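Residues per chain are reported as follows:
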Amino acid sequence: MRTDMLIGGEWTTGGGPAFTSLNPATGEVLAELREATETDVDAAVRAAQRAFVSPEWGGLLPAARAGLLLRVADLLEEHAQDVAALETRDQGQPLGVSAGFSVPNAVEHLRYYAGWVTKITGITAPLSVPDVDYRTRREPLGVCGLITPWNFPLMILVWKLAPALACGNTVVVKPAEQTSLSTLRLAELIEEAGVPAGVVNVVTGGPETGRALVRHPLVKKISFTGSTAVGREIGAECGRSLKKVSLELGGKAPSIIAADADIDASLQGNLLGGLLNSGQVCAAYTRFYVDARRHDEFAEKLAGAAGTLRLGDGLDPETHLGPLVSAEQVEQAARYVAIGEEEGAELLTGGSRPDGALAAGFFFEPTVFAGVRQDMRIAREEIFGPVLTVLPYEDPEELAVLANDTDYGLAAAIWSRDIGTANRLARQVKAGTVWINMMQGLDAAAAWGGMKSSGLGREMGWEAIEAYTEVKSVWTSLV
Ligand code: NAD
């Protein structure tokens, strides 16, 4: 297991203080890492800048760049089992999630963007100017700073890394301090694939390391996924220095169960949609709007199903729900349960930490509150844990207003057997992604990102190519 950082092709130990990465299933120390100082970050950015203009990377023909991305994808696929197990030990997500979703999704992104490399084209346009030829070029930006969160460390990194490299940029990655290990492992595989030194650099550490990267004058773009509060700070700093910035931030996704929905058919999707990765999903379904006449039926069925999920170490194949990533996240879930009870919501299941064999890990029982009102904090604030809220509604005409009555706008789910109702609501809801009659789906070809306080810009699809390139207009005189 690598615990040092990669700067300019050299594995080095950062100059800052040591910090530990814990196994959240046991609370035990998994690894000791070092915080990158401002000097380390500066060295990483300068290495990336040198690589950007080097013949080995900057001069590489597109087909060769695509070949390198495909080689990284193949290596990641070859090592999928051990990378997934590492992710599970460091982050906590069950193997079913890490091996069945996170790693394959990362491989898919690498292959998808390898396909784009040879298709990043500009346009020609018929200008109303005599005797000129006009075309555009899409050029890479330069050094991009990629700052990632702890909930899907490897997968979210690759959402940024694959298009950044496909477009010819170089990167400095700053993984979340709780979960750096899969990023370091991927960096090893990137080296093994033959990606030139300095193209991908990794600096480990916490907020100070991230700030040093955001402030660095040679960094041309920051792509950040994390909390809305930190996103605002990064956005402000990038605004001051006029860096490009993409922000993928928090969410509080509504799941709208229309009066005609098949509750039983929707249950599994809603349960998994709310509790995947123990609710540590930015697009987790956490506000369930149910017709008041069917509220009790839905809430009881949801709570009944949640209560049967098996908590455990993610390495155990029988586990449905792993631990939360840290003691802080457990405290946050417990705090919101207390708030919900004080606010008068009805706790149907869960609400505490399990005891016995799981007491040493950062586990929290799947929790369902019923009879929740729109003004309650548990229905408004991002909990980022396994705490679900069911809200009754009286008037279907109010549904879009209720769903939109939030600062967030990342995602929403709609359940209805009526295609008109479902699509009308899909138009009205202010969210970057709407899923109709399904749990969350993700695909490298489907644009991803938030409205309102859930972020700026889009990842995935052609949108990510636009986000990692700049358009240059080239005019040629024909006379
Ligand atoms: P966080 O904002 O605390 O940290 C995210 C990353 O930013 C970490 O690497 C952290 O070290 C770094 N960081 C913290 N302060 C910084 C600063 N001032 N300057 C630069 N870097 C800084 O978020 P988190 O707790 O790791 O992740 C959970 C959050 O991420 C949730 O709000 C969740 O909704 C959001 N998220 C969003 C998406 C999405 O696609 N929209 C996906 C996953 C997670």
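Values in this document were obtained by computation on a predicted structure and should not be read as measured data. (Residues numbered from 1 in each chain as written. Predicted model: local features only at pLDDT ≥ 70, side-chain atom pairs only at ≥ 80, totals over all residues. Heavy atoms only, no water.)

Trainee: Quick one: what's the story with the pairing of strand β7 (residues 170–174), residue by residue and with numbers?
Mentor: Most of β7 is tucked away: five of the five residues are buried. Because side chains alternate across β7, one face comprises the buried residues Thr170, Val172 and Lys174, and the other comprises Val171 and Val173, equally buried. Where strand β6 (residues 143–147) and β7 come together, five bridges link them in parallel fashion. Opposite Cys144, over in β7, you have Val171 as the bridge partner. (Buried < 20%, exposed > 50% of the residue type's maximum accessible area, 1.4 Å probe, protein only. Helix = DSSP H or I, 4+ residues; strand = E, 2+ residues; numbered from the N terminus. Pairing = 2+ DSSP bridges.)

Trainee: How would you sum up the site of the ligand? Please name residues and give values.
Mentor: What surrounds the ligand is a group of 30 residues, the closest being Thr148, Lys174, Glu177, Ser227 and Glu382. A distance of 3.4 Å separates a nitrogen atom of the ligand from a polar atom in the side chain of Arg211. Between the ligand and the protein, one listed contact pairs an oxygen atom with a backbone N or O atom of Gly226 at 3.2 Å. Listing elements by their share of the shell around the ligand, those giving two or more residues are α7 (207–215), β9 (219–225) and α8 (228–241). Taken together, the residues of the shell around the ligand break down into 15 nonpolar, nine polar and six charged. (Near = heavy atom within 4 Å. Polar contact = N/O pair within 3.5 Å; in protein donor to acceptor, adjacent residues only side chain to side chain. Nonpolar A, V, L, I, M, F, W, Y, C, P; charged D, E, K, R; others polar.)

Trainee: Tell me about the pairing of strand β10 (residues 244–248), and name the residues and values.
Mentor: Summarising the sheet, β9 and β10 pair through five bridges and their orientation is parallel. Counterpart to Ser223 in the pairing with β10 is Ser246. The parallel pair β9 and β10 is bridged by α8, and the resulting crossover is right-handed. Where β10 meets strand β20 (residues 455–456), two bridges bridge the pair, whose relative direction is antiparallel. The partner of Glu248 across the bridge, within β20, is Gly455. (Right-handed = clockwise from strand over helix to strand, strands pointing away.)

Trainee: Can you break down unusual backbone geometry residue by residue, with the values?
Mentor: Non-glycine residue Asp131 carries a positive phi angle of around 60°. One can find Asp131 in the loop between α4 (95–116) and β5 (132–140). The phi dihedral of Ser278 falls on the positive side, at around 55°, and the residue is not glycine. Tracing the sequence through the fold places Ser278 in the loop between α9 (263–275) and β12 (285–291).

Trainee: Any details on the sheet that holds strand β13 (residues 346–349)? Residues and values, ideally.
Mentor: Taken in spatial order, the seven strands line up as β13-β14-β15-β12-β11-β17-β18 in an open sheet, and their pairing is mixed. Strand pairing shows two members of the sheet lacking a second neighbour, β13 and β18 (433–436), which therefore form its edges. Strand-to-strand twist across the sheet, computed as the mean angle between neighbouring axes with direction ignored, equals 25°. Strand contacts of α9: β11 (253–257), β12, β15 (387–393) and β17 (411–415), with the helix running at about 155° to β12, the strand carrying the most contacts. The strands that helix α14 (residues 419–428) touches are β11, β17 and β18; relative to β18, the one it contacts most, it runs at about 170°. (Axes fitted to C-alpha atoms, helices over the stretch in contact; angles between N-to-C directions. Contact = heavy atoms within 4.5 Å.)

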